[in-house]
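Now for the letters of each chain:
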Amino acid sequence: MKIWAVANQKGGVGKTTSVVSLGGLLAGLGKKVLMVDLDPHGSLTCYFKLNPDSIEQSSYPLFLHEGTVPDDLAQKMVCSTSVPGLDLIPASSALVTLERRFGVQAGMGLVISKALAQLRGQYDFVFIDTPPQLGVLLVNALAASELILIPVQTEFLALKGLERMMHTLQMIMKSQGHELKYLVIPTMYDRRTHASVESLRRLRVQYENNIWPGCIVIDTKFRDASSAGMPLSQMFPSSRGVKAYRSLLKYLVENLTAIGMKVNHG
Ligand SMILES: Nc1ncnc2c1ncn2[C@@H]1O[C@H](COP(=O)(O)OP(=O)(O)OP(=O)(O)O)[C@@H](O)[C@H]1O
Ligand SMILES: [Mg+2]
């Protein structure tokens, strides 16, 4: 079971879109995929037409047992989506109270790792969607994951935001005492704009060894798919956006070893 978090403290860079797109593609290939929504805003949850303000099955109850997770609780929080093979642990808006209650308090950082351990063997891939700020939820996502995908919008402000995210990764690596593997994913690339072209060039220089050599192009069909509540690959399988995420997936599967990961093709 591969567990990957999608994270960046900058908002609106394509985190949720990446979770849905990669999850949708893998489910389409017959893989069993679980998505976990750890963002109190619940964009991923809303994407699949569930309401974070009223939902009872969610990631929230996992945090209410002083850092342990009672047997079978994770299983009880799983919802299916309209896409076969694609499941979701939704977010509840109550998650926001956890950030206030626990901050980055010790003892609460491994809740999601423990919850996912209960589901081991049931899924080929798990994607964790994270909120755009540092707190107990992001710390949990990073601790549970063997690889962190960092979408970065190809514009100048986003490059600054990425430095902040790198700082967070370093801080967490120090406090947890283990290395975190990450890959920068340039998103919303528009080759007609100077800002996109130039910021992609700078990203590639700065993150030479930790950047996907491709990029996710801008595609208005992502918005159409999100209003329909379907992954782009299920709705517009030959769109530019799907081609881009398919090529990212191929890269991840073929190169995980090179970024220090072992991959199981089965
Ligand atoms: N490649 C793309 N082309 C065009 N639009 C995109 C693309 N990727 C994402 N979007 C759109 O940009 C908006 C922000 O994307 P998304 O919600 O995935 O970002 P996010 O990083 O999860 O944001 P937040 O930090 O608020 O959770 C959405 O409306 C989404 O449909
Ligand atoms: Mg999001």
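Residues numbered from 1 in each chain as written. Chains lettered and ligands numbered in written order. Predicted model: local features only at pLDDT ≥ 70, side-chain atom pairs only at ≥ 80, totals over all residues. Heavy atoms only, no water.

Details of the sheet that holds strand β5 (residues 125-129)
Here is step 1: Here seven strands make up an open sheet; going across it, the order is β3-β4-β2-β5-β1-β6-β7 and the pairing mixed. Pairing within the sheet leaves two strands with one partner each, and these edge strands are β3 (79-80) and β7 (182-187).
Here is step 2: As defined by bridge partners, strand β2 (residues 33-37) adjoins strand β4 (residues 86-89) across four bridges and the pair is classed as parallel. Its bridge partner being in β4, V36 is matched across the sheet by I89.
Here is step 3: Across the sheet, helix α7 (residues 156-176) touches β6 (147-153) and β7, and the angle it forms with β6 is around 160°.
Here is step 4: Strands in contact with helix α11 (residues 240-255) are β1 (2-6), β6 and β7; relative to β7, the strand with the most contacts, it is inclined by about 165°. (Pairing = 2+ DSSP bridges. Helix = DSSP H or I, 4+ residues; strand = E, 2+ residues; numbered from the N terminus. Contact = heavy atoms within 4.5 Å. Axes fitted to C-alpha atoms, helices over the stretch in contact; angles between N-to-C directions.)

Some points on the nonpolar core
Here is step 1: Formed by 51 residues in total, the largest nonpolar core has its most connected members in L62, F63, L116 and I128.
Here is step 2: Sequence-distant contacts of L62, that is, excluding residues within four places in its chain, are made with T68, V69, L73, A74, M77, V111, I112 and A115.
Here is step 3: Counting 35 residues, the second largest nonpolar core, distinct from the first, contains L25, L86, L232 and V242. (Core = buried A, V, L, I, M, F, W, Y, C linked by side-chain atoms within 4.5 Å. Buried < 20%, exposed > 50% of the residue type's maximum accessible area, 1.4 Å probe, protein only.)

Considerations on the packing of aromatic side chains
Here is step 1: Evaluation of the coordinates by the stated rule reveals five aromatic pairs.
Here is step 2: One aromatic cluster in this structure is built from W4, F125 and F127. (Phe/Tyr/Trp six-rings, centres within 6.5 Å; stacked < 30°, edge-to-face > 60°.)

Quick look at the side chain of T45
Here is step 1: In this structure, T45 sits in helix α2 (residues 43-47).
Here is step 2: Apart from the residues lying within four places of it in its own chain, the contact partners of T45 are D37, L50, P52, L88, P90 and A91.

Some remarks on the packing of helix α1 (residues 15-28) against α11
Here is step 1: Here α1 crosses α11 at 75°, and the two axes come no closer than 10 Å. One element, α1, and the other, α11, form an angle in the roughly perpendicular class. Residues T17, S18, S21, L22, L25 and L26 of α1 lie in contact with α11, whose contacting residues are V242, Y245, R246, L248 and L249.
Here is step 2: Considered class by class, the residues forming the contact of α1 with α11 number seven nonpolar, three polar and one charged. (Parallel < 35°, antiparallel > 145°, perpendicular 65-115°, else oblique. Nonpolar A, V, L, I, M, F, W, Y, C, P; charged D, E, K, R; others polar.)

A word on unusual backbone geometry
Here is step 1: Positive phi is not limited to glycine here, since E66 has a value of about 50°.
Here is step 2: Residue placement: E66 occurs in the loop between α2 and α3 (73-76).
Here is step 3: Residues other than glycine seldom take positive phi values, yet D72 does so here, at roughly 70°.
Here is step 4: Considering the arrangement of structural elements, one finds D72 in the loop between α2 and α3.

Here we look at the site of ligand 1
Here is step 1: Near ligand 1, the surroundings consist of 16 residues, among which K15, T16, T17, V217 and D219 are the closest.
Here is step 2: The contact in question runs from an oxygen atom of ligand 1 to an N or O atom on the backbone of G12, over 3.0 Å.
Here is step 3: The backbone of T16 places a nitrogen or oxygen atom 2.9 Å from an oxygen atom of ligand 1.
Here is step 4: Protein burial of ligand 1: of its 640 Å² of free accessible surface, 81% is covered by the chains.
Here is step 5: When residues of the shell around ligand 1 are traced back to their parent elements, those giving at least two are α1 and α9 (221-228).
Here is step 6: The biggest single contributor to the shell around ligand 1 is α1, with three residues.
Here is step 7: Of the residues that constitute the shell around ligand 1, the class distribution is seven nonpolar, five polar and four charged. (Near = heavy atom within 4 Å. Polar contact = N/O pair within 3.5 Å; in protein donor to acceptor, adjacent residues only side chain to side chain. Areas by Shrake-Rupley, 256 points an atom, 1.4 Å probe, with all protein chains shown as cover.)

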